[in-house]
Amino acid sequence: MSMVFDTTSALAPLDKLEEAIPEAVFRVEVATWAKRIGVELKEIHIRVMKRKWASCSSKGRLTFDPELLKQPAAFRAEVIVHELLHLKIPNHGPLFKRWSRRIWRNMG
């Protein structure tokens, strides 16, 4: 499961940051969201991805494009939560959408 780059999407960030946040800070963001959602995170990888912001393997490995570290915090959170949800629900069906709405409603 992955989030695809799409500059016309509502998920596309409006302004990139001048500099990327440190990788260590990003890893803490991911771990914090994993704890909030209640999923066990096995591995976090950061590597260049040509068409995606991130992906999730069935073994619990999340991979993020380093360009994500240059995006605003709210957008990073959307991508992180999306991929972490795939550790619970491996598809984009109705259950995935319900969980996603529930998470954002509880955060608001």
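Definitions and limits used
Residues numbered from 1 in each chain as written. Predicted model: local features only at pLDDT ≥ 70, side-chain atom pairs only at ≥ 80, totals over all residues. Heavy atoms only, no water. Salt bridge = Lys/Arg side-chain N within 4 Å of Asp/Glu carboxyl O. Helix = DSSP H or I, 4+ residues; strand = E, 2+ residues; numbered from the N terminus. Buried < 20%, exposed > 50% of the residue type's maximum accessible area, 1.4 Å probe, protein only. Phe/Tyr/Trp six-rings, centres within 6.5 Å; stacked < 30°, edge-to-face > 60°.

Chemist: In this structure, what is going on with the pattern of salt bridges? I would like to understand it.
Modeler: Close approach of charged atoms allows side chains with opposite charge to pair. Counted under the stated rule, the structure contains 4 salt bridges. Across the pair Glu23 and Arg27 runs a salt bridge whose closest N-O atoms are separated by 2.9 Å. Taken together, the positions of Glu23 and Arg27, both in helix 1 (residues 23–37) and 4 residues apart, correspond to about one turn of that helix. Residues Arg76 and Glu29 are paired through a salt bridge, measuring 2.6 Å at the closest nitrogen-oxygen approach. Of the two residues, Arg76 sits in helix 2 (residues 73–85) while Glu29 sits in helix 1, which places them 47 residues apart along the sequence. Arg76 sits in the buried class, given a relative accessible area of 4%. For Glu29, a relative accessible area of 22% gives the class partly exposed.

Chemist: When you look at the packing of aromatic side chains in this model, what are you seeing that I'm missing?
Modeler: For any pair of aromatic rings, the description consists of the separation of the ring centres together with the inter-plane angle of the planes. Using the criterion set out here, one finds 3 aromatic pairs in the structure. Seen from their ring centres, Phe26 and Phe64 are 4.9 Å apart, and the 80 degrees between their planes marks the pair as edge-to-face. Here the residue Phe26 occupies a position in helix 1, and Phe64 occupies one in strand 4 (residues 61–64), the gap between them amounting to 38 residues. The class for Phe26 is buried, based on a relative accessible area of 0%. When its relative accessible area of 0% is taken as the criterion, Phe64 is described as buried.

Such coordinate-based values are descriptive only and should not be taken to indicate function.
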